[in-house]
Amino acid sequence: MPAVQSIVDEILELKQQRHAIILAHHYQESEIQELADSIGDSLELARRARDFEGDVIAFCGVVFMAETAKVLNPTRTVVLPDLDAGCSLVDSCTAEQVRAFRARHPDHVVVSYVNTSVEVKAESDILCTSRNAVRIVNSIPAENPILFLPDINLGNYVKQQTGRENMTIWQGACIVHATFLARRLTTARAEHPQALVAAHPECPADVLAMADFIGSTSAIIDWCVSAPAEEYIVMTESGVRHSLERLAPQKRFYFVPNENCNCSECPYMRRNTLEKLRDCLTMLTPRIELSDDIIRRAALPIERMLAVR
Ligand code: 13P
Ligand code: SF4
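Worth saying up front: this structure is predicted, and the values here are computed from it rather than measured.

**Student:** So what's going on with empty space enclosed by the protein? Residues and values would help.
**Tutor:** Under the defined criterion, the tally for this structure stands at 2 cavities of 30 Å³ or more. In this model, the largest cavity occupies a volume close to 240 Å³. Considering the residues around the largest cavity, the lining is formed by 25 residues, among which Tyr27, Met65, Asn115, Glu202 and Met269 are closest to the centre. Of all the secondary structure elements, the ones that give two or more residues to the lining of the largest cavity are helix H4 (63-72) and helix H5 (88-91). Considering only residue class, the lining of the largest cavity consists of 13 nonpolar, 9 polar and 3 charged. Put simply, the second largest cavity is a space of about 50 Å³.

Here it is, written out as structure tokens:
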């Protein structure tokens, strides 16, 4: 039996024994996405985790996503394959910095992207994801000044979409999307003149200006599958290729290497492997452990986000 198949069989067996669900973000390896119960963007996976009624959530994504799952469903055990699956956006903003900003600007509403630590979430008024950021900012009365953190590109995109002037934007960036270069996209468009361009809002403004569609990972997939073109240049992590090719096998998808790694893979997301997934289901570790106090304080802004329609 091929080695990969035997690991897959072990994982499926463990999943049954543990009454577990496997949630996978679109940026995971295809092998992991193939055996997941749900694949999704960060908002979809948060909702799926909240509604799960079994015992164990095996979260194949990065730490902030697994923490969100734990906050939303604290009585379940939440494991993830690799605890070092971080995020450059999370690293760009600490809870102390948010507290210091609040002390200087007590009138500001703090809107935090879900790509933050659970401690930063606990200091926030409301959360957002790339899927609902415009809606969330629009839900805040126009006269209230906003601190939007931590992604500068998403923040600028939201500011432009909402026409909101009273918005201060943090200076964090994603090492994958923020290093996509407009000139490389120009070259890709010259090579594929029939292709439409879809981009994640964490990309720089000059890349977004060339996009036919801007949205979250799942929104990009849905749009590419349903739009009439045969070819697409996809400005996000190349893990989305898995769903794109499954859902639209007749179409062609091109990815543009970024400046950071000359690839379009997130080094944090790609720390997870099938072997580590098997091991975390076997040993129930690494596990997300959070204090009751942090869960209570972080749950509030997340629930506020989920309540905005
Ligand atoms: P989504 O909310 O689109 O899943 O994005 C999460 C992320 O980390 C993008 O880099
Ligand atoms: Fe963070 Fe960027 Fe990786 Fe998403 S792609 S998890 S924002 S580093």
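**Student:** Could you give me a rundown of the state of the cysteines, with the residues and numbers involved?
**Tutor:** Chemically, a disulfide is nothing more than a covalent bond linking the sulfur atoms of two cysteines. Per the stated rule, a full pass over the model turns up 1 disulfide. Paired by a disulfide, Cys261 and Cys263 hold their sulfur atoms 2.0 Å apart. With the S-S dihedral at roughly -95°, the linkage between Cys261 and Cys263 falls on the left-handed side. Look at Cys263 and you get partly exposed, because its relative accessible area is 24%. Free of any disulfide, Cys280 has its nearest cysteine sulfur in Cys60, 6.6 Å distant. Residue classification places Cys280 among the buried residues on the basis of a relative accessible area of 0%.

**Student:** Account for the site of ligand 1, with residues named and values stated.
**Tutor:** All residues in the neighbourhood of ligand 1 are listed as His25, Tyr27, Asp41, Ser42, Asn115, Ser130, His177, His200, Glu202, Ser216 and Thr217. Within the contact set of ligand 1, an oxygen atom lies 2.6 Å away from a side-chain nitrogen or oxygen of Ser42. Between ligand 1 and the protein, one listed contact pairs an oxygen atom with a backbone N or O atom of Thr217 at 2.9 Å. If you map ligand 1 onto the pockets, it falls in the largest cavity. Here the residues of the shell around ligand 1 are counted per class, giving 1 nonpolar, 8 polar and 2 charged.

**Student:** Lay out the sheet that holds strand E11 (residues 231-235) in plain terms, naming residues and giving numbers.
**Tutor:** Spatial strand order, E10-E9-E11-E12: 4 strands in an open sheet with parallel pairing. In this open sheet, the two edge strands, each paired with only one partner strand, are strand E10 (213-214) and strand E12 (252-255). Relative to E10, strand E9 (residues 196-199) runs parallel, the two sharing 2 bridges. Among the inter-strand pairings, Ala199 is bridged to a residue of E10, identified as Ile214.

**Student:** Pulling in residues and values, what's your account of the site of ligand 2?
**Tutor:** The environment of ligand 2 is made up of Tyr27, Cys87, Ser88, Leu89, Asn115, Cys174, Val176, His177, Glu202, Cys266 and Tyr268. Split into classes, the residues belonging to the shell around ligand 2 amount to 7 nonpolar, 3 polar and 1 charged.

**Student:** Could you give an account of the environment of Tyr27, with specific residues and numbers?
**Tutor:** Its place among the elements puts Tyr27 in the loop between strand E1 (20-25) and helix H2 (30-35). Residues Tyr27 and Arg309, spaced 282 residues apart in sequence, show a C-alpha to C-alpha distance of 26 Å. Dropping the residues within four chain positions of it, Tyr27 is found in contact with Gln33, His177, His200, Thr217, Thr236, Glu237, Gly239, Val240, Met269 and Arg270. Within polar-contact distance, the side chain of Tyr27 engages the side chain of His177 at 3.4 Å. A polar side-chain atom of Tyr27 sits 2.8 Å from a polar atom in the side chain of Thr236.

**Student:** Residue-level account of the sheet that holds E1, with values.
**Tutor:** With parallel pairing, 4 strands are arranged side by side in an open sheet as E2-E1-E3-E4. Each edge of the open sheet carries a strand with a single partner, namely strand E2 (38-40) and strand E4 (77-79). Along the sheet, successive strands turn relative to each other by an average axial angle of 20°, direction set aside.

**Student:** Before we move on, could you go through the packing of aromatic side chains and cite the residues and values that matter?
**Tutor:** Applying the stated criterion across every chain yields a total of 3 aromatic pairs. Aromatic pair Phe213 and Trp223: ring centres 5.1 Å apart, planes at 5°, arrangement stacked. With a gap of 10 residues between them, Phe213 in strand E10 and Trp223 in helix H12 (residues 217-226) connect regions that are remote in the sequence. Look at Tyr232 and Phe253: their rings are 5.7 Å apart centre to centre, the planes differ by 25°, and that puts the pair in the stacked class. With Tyr232 in strand E11 and Phe253 in strand E12, this pair connects stretches of sequence that are 21 residues apart. Three or more aromatic residues joined by ring pairs make a cluster, and in this case those are Phe213, Trp223, Tyr232 and Phe253.

Rules and cut-offs
- Residues numbered from 1 in each chain as written.
- Chains lettered and ligands numbered in written order.
- Predicted model: local features only at pLDDT ≥ 70, side-chain atom pairs only at ≥ 80, totals over all residues.
- Heavy atoms only, no water.
- 1 Å grid on protein atoms, 1.4 Å probe; cavity = no way out; pocket = protein on both sides within 12 Å on 5 of 7 lines; lining within 4 Å.
- Points joined across faces, edges and corners; volume = space filled by probe spheres on them.
- Helix = DSSP H or I, 4+ residues; strand = E, 2+ residues; numbered from the N terminus.
- Nonpolar A, V, L, I, M, F, W, Y, C, P; charged D, E, K, R; others polar.
- Disulfide = S-S within 2.5 Å.
- Buried < 20%, exposed > 50% of the residue type's maximum accessible area, 1.4 Å probe, protein only.
- Near = heavy atom within 4 Å.
- Polar contact = N/O pair within 3.5 Å; in protein donor to acceptor, adjacent residues only side chain to side chain.
- Sits in = over half its atoms within 2 Å of the grid points.
- Pairing = 2+ DSSP bridges.
- Contact = heavy atoms within 4.5 Å.
- Axes fitted to C-alpha atoms, helices over the stretch in contact; angles between N-to-C directions.
- Phe/Tyr/Trp six-rings, centres within 6.5 Å; stacked < 30°, edge-to-face > 60°.

Take it as geometry only, folks, not as evidence of what the structure does.
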